[in-house]
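Residue-level listing of the chains:
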Amino acid sequence: MENRSFQIIGGKVILRIKDRICDTPEELLASRLFFTVLRRAIRELKRKNSRLLKIFAIEEIRERDERLLVRTFQYLAKLPIGEVVKLVEGSEQFARDKSLLSEFVEHLYNYWRSLGRLVICDSEENRFDKRPYRTFNQTIEQLTHLVRGTYREIQENITGDHPRIYRQVPAGGGIATIALPRKLNLPDTLQDKVEHIPVIRQVLLYPPLIFTPPMNKRSGMFERVHQNPVENVDFRREDWLCYPAMVGPQLILVYFSIRFFEHGFTLSNLFELADDKDLQKTPDAVYFFGVPEEQFPSIGKSQTIFFDDEENDILIGAVPELDVFSYFGYLKKMILTLHNIRMMKQGRLPFHGALVHLMLRGQRGYTVLVMGDSGAGKSETLEALRLIGSDDLEDVIIIADDMGSLDIGDDGRLRGIGTEIGAFVRLDDLNPGYAYGQIDRAIIMSPNEVNARVILPVTNYKTIMQGFAVDLVLYANNYEAVDANHPTIDCFAELDAAFETFRAGAVMSKGTTTTEGKVGTYFANVFGPAQYIEEHDVLARHYFEQLFRSRTYVGQVRTQLGIPGMEMSGPEQSARALLDLLKSGEIA
């Protein structure tokens, strides 16, 4: 790997491949990357005053001692330790305690695997994207087998024994991508800045992937500013990648700092990757996630900002490269904010909610839209419905897990489409079967903390774009207890009462953001509508009038998710009530 570049940033390794990867253990162990990782592991053991460093005969470990260890490993990859000490002068110190040396090798292997590992195939001459399967097979798969095989050979030559249980853990890259620069249909002011940045064309993941970023909550809202936030920013090729996301019908170019690569590639589980035909379109928006702090402009009250470039008909979002913003919510929600604004400009009504099509046995399908803020119980209710309604439901088709938009069809009914092919699901309140049943495809964020999340694909792009006529629109009320005067589901008799309930956006905060207690958010949606209230009010009133004109069921469902002790039983109760309502035949 000597002729290839790599970066180690914190606990992350970025390896760039131009042509071929290492072929042999000798090449691997002789690489600058291996020596760098070894030295970092030794420094960490020094800080811990670890007994594992007693493999060295001296306490003050110098570079020549580390290089002697590397040379010893090179021979151990081929020969038993008894033969190695005869061939490598000075290596006898490592053979004094074979068990301790074996533990050191195990620690080094686990240290490497604990790093976030990204492999970028970015050679324009080789056109990796024209043969992605072969590229991945000849690079990432080969690296995985080589690292794992080298580790096993060294261990067996130390211990003289073979394992009886083999675990095929991913030992090469956790994430790999083919990314190449390409000309995109951008305004000149942006094109000149980003034309050299590689655009992701294919992605390879080794799930389940587990990340523990510095932050696990999002706060505030995205602020509209009146100046392009990146007009004075210089983008270095080696510091950025572009994920071209299809967000519903829109193309949004997401440029992310390589320091935030775990968040950038998590988009693969959430948004469809644009194909070559999509990339011929003019993007609807561009988002820069991780602008260097020293170049980030002071043009707003906050640092999560976007600019509505009406002259070029494009939205531009930006967030600085700070640990406080190293949370996937800042990536996903800004993308959806830009989507929602564009939808409003096109006369469609964006919604913050879950939209599903339920196929009941012996009945027609029903499309249900449950709107509400984060933690209101939307996804939890629908997942509970999937579990308790297994005997009554032929299928549950997910159209939107979090955001989508509505249009009015020729028949006067509202039709909905989605934005995401995946779900960004809160683990704390979900039945474990939901996440663990698909763990082999999941990306997990902050698993040991409050607001732990799992991001996993749940549907496909064709489905979310199909357009389903909506039969029920419900507001997710998580703060009121169900009693004689407050049924689990009730229908609004008057348009004004319905409109004001949805407009108030009340919710009992569940810890998904930094808010606490019962709060209210305009239409439960700070992601676009709250920044364009006047325009959205006119649009929303028109759509609600159409809902009542078309006699669509509009009501609220009390999920009770915000009531202590009701985190599981509340959504189950609301799911049963929804199933009973659908089976009753009351829905036209």
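The present account deals with the structure reproduced in this document. Quick caveat: nothing in here was measured; it's all calculated off a predicted structure. Residue indices follow the written sequence of each chain, beginning from 1 at its first position. Owing to the predicted nature of the model, reporting of local features is limited to residues with pLDDT of at least 70; listing and counting of side-chain atom pairs is limited to 80 or more, with chain, interface and lining totals taken over all residues. Working from all heavy atoms in the structure, the side-chain values ignore hydrogens and water.

## Side note on the packing of helix α2 (residues 32–47) against helix α3 (residues 63–76)
For step 1, the next point in the chain: Remark: α2 packs on α3, axes separated minimally by 11 Å, with the N-to-C direction vectors making an angle of 120 degrees. Classed by the angle they form, the pair α2 and α3 counts as oblique. As for how α2 packs across α3, the hand of that crossing is right-handed. Across the interface between the two elements, F34, F35, L38, R39 and I42 from α2 touch E63, E66, R67, L69, V70 and F73 from α3.
For step 2, the next point in the chain: Partitioned by chemical class, the residues of the contact of α2 with α3 number seven nonpolar, no polar and four charged. Lines fitted to C-alpha atoms define the axes, with helix axes restricted to the stretch in contact, and inter-axis angles between N-to-C directions lie between 0 and 180 degrees. Helix numbering and strand numbering both begin at the N terminus, where a helix is a DSSP run of H or I of at least 4 residues and a strand a DSSP run of E of at least 2. Note on terminology: angles under 35 degrees are roughly parallel, angles over 145 are roughly antiparallel, angles of 65 to 115 are roughly perpendicular, and the others are oblique. Here is the rule for handedness: rotate from the far helix to the near one, and if that takes an anticlockwise turn smaller than a right angle the crossing is left-handed, while a clockwise turn gives right-handed. In this analysis, two residues are considered to be in contact whenever any of their non-hydrogen atoms come within 4.5 Å of each other. Residue classes follow a fixed rule: Ala, Val, Leu, Ile, Met, Phe, Trp, Tyr, Cys and Pro count as nonpolar, while Asp, Glu, Lys and Arg count as charged, and any other residue, Gly among them, counts as polar.

## Digging into the pairing of strand β5 (residues 199–205)
For step 1, the next point in the chain: Whether a residue is buried, partly exposed or exposed follows from its accessible area with a 1.4 Å probe, protein chains only, as a fraction of its type maximum: under 20%, in between, or over 50%, in that order. Among the seven residues of β5, five are classified as buried, and the element is accordingly described as predominantly covered.
For step 2, the next point in the chain: Pairing geometry for strand β4 (residues 175–180) and β5, over six bridges, is antiparallel. Note on β5: the bridge partner recorded for I175 is L205. What makes two strands pair is DSSP finding at least two bridges between them.

## Quick notes on the pattern of salt bridges
Side chains bearing opposite charge may pair, as long as their charged atoms lie close to each other.
For step 1, the next point in the chain: Here, a salt bridge means any side-chain nitrogen of Lys or Arg that lies within 4 Å of a carboxyl oxygen of Asp or Glu. Applying the stated criterion across every chain, the model contains 33 salt bridges.
For step 2, the next point in the chain: In this structure, the salt-bridge partner of R541 is D496, at a minimum N-O distance of 2.7 Å. Taken together, the residues span a long stretch of sequence, with R541 in helix α14 (residues 533–549) and D496 in helix α13 (residues 495–504) at a distance of 45 residues.
For step 3, the next point in the chain: A residue is classified by how much of its surface remains accessible, and R541, at 30% relative accessible area, is partly exposed.
For step 4, the next point in the chain: Of the residues examined, D496 reaches a relative accessible area of 45% and is grouped as partly exposed.

## Some remarks on the packing of aromatic side chains
For step 1, the next point in the chain: We call Phe, Tyr and Trp rings a pair once their centres come within 6.5 Å, taking the six-membered ring for Trp, and we label the pair stacked below 30 degrees between planes, edge-to-face above 60, and tilted otherwise. Following the criterion strictly, the structure yields 22 aromatic pairs and no others.
For step 2, the next point in the chain: Between F56 and F94, the aromatic rings sit 5.5 Å apart at their centres with planes inclined by 85 degrees, giving edge-to-face as the arrangement. Of the two residues, F56 sits in the loop between α2 and α3 while F94 sits in the loop between α4 (81–87) and α5 (98–114), which places them 38 residues apart along the sequence.
For step 3, the next point in the chain: Of the residues examined, F56 reaches a relative accessible area of 3% and is grouped as buried.
For step 4, the next point in the chain: Seen from their ring centres, F260 and F289 are 5.0 Å apart, and the 45 degrees between their planes marks the pair as tilted. Taken together, the residues F260 in the loop between β9 (250–257) and α8 (261–266) and F289 in strand β11 (residues 285–291) connect sequence positions 29 residues apart. One exposure class covers both F260 and F289, and it is buried.
For step 5, the next point in the chain: These aromatic residues form a ring-pair network of at least three members: Y475, F492, F499, F502, Y522, F523 and F544.
For step 6, the next point in the chain: Either the NZ atom of lysine or the CZ atom of arginine qualifies as a charge over a ring when it sits within 6 Å of the ring centre and within 35 degrees of the ring normal. Over the ring of Y109 we find R113; its NZ or CZ atom is 5.5 Å from the centre of that ring.

## Structural notes on the environment of A41
For step 1, the next point in the chain: Here A41 lies in helix α2.
For step 2, the next point in the chain: For A41, a relative accessible area of 2% puts it in the buried group.
For step 3, the next point in the chain: Here the alpha-carbon distance between A41 and I397, two residues 356 residues apart in the chain, equals 48 Å.
For step 4, the next point in the chain: In this view, A41 contacts L108 and Y111; residues no more than four positions away in its chain are not counted.

## Here we look at the packing of α13 against α14
For step 1, the next point in the chain: Running from N to C, α13 and α14 cross one another at 140 degrees; their axes reach a closest spacing of 10 Å. Judged by the inter-axis angle, α13 sits oblique to α14. With respect to the hand of their crossing, α13 and α14 are arranged in right-handed fashion. Each of L495, D496, A498, F499, F502 and R503 in α13 lies in contact with α14, whose residues at this interface are I533, D537, A540, R541, F544, E545 and F548.

## Details of the pairing of strand β8 (residues 240–247)
For step 1, the next point in the chain: Counting buried positions along β8 gives eight out of eight residues, so the element sits mostly inside the fold.
For step 2, the next point in the chain: Pairing analysis gives eight bridges linking β8 to β9, with the strands arranged antiparallel. Note that in β9 the partner of L241 across the bridge is F256.
For step 3, the next point in the chain: Between β8 and the antiparallel strand that follows it, β9, lie two residues; G248 among them carries a positive phi value of about 60 degrees.
For step 4, the next point in the chain: In this structure, β8 lies alongside strand β10 (residues 272–273), joined through two bridges in antiparallel fashion. Paired with A245 across the two strands is L273, which belongs to β10.

## Some points on α2
For step 1, the next point in the chain: In this scheme, a helix's expected span is set at 1.5 Å multiplied by one less than its residue total. Here α2 spans 23 Å end to end across 16 residues, near enough to the 22 Å set by a 1.5 Å rise per residue.
For step 2, the next point in the chain: Buried within α2 we find L33, F34, F35, V37, L38, A41, I42, E44 and L45.
For step 3, the next point in the chain: With its phi angle positive at about 50 degrees, N49 sits one or two positions after the end of α2.

By themselves, these figures tell us nothing about what the structure is for.
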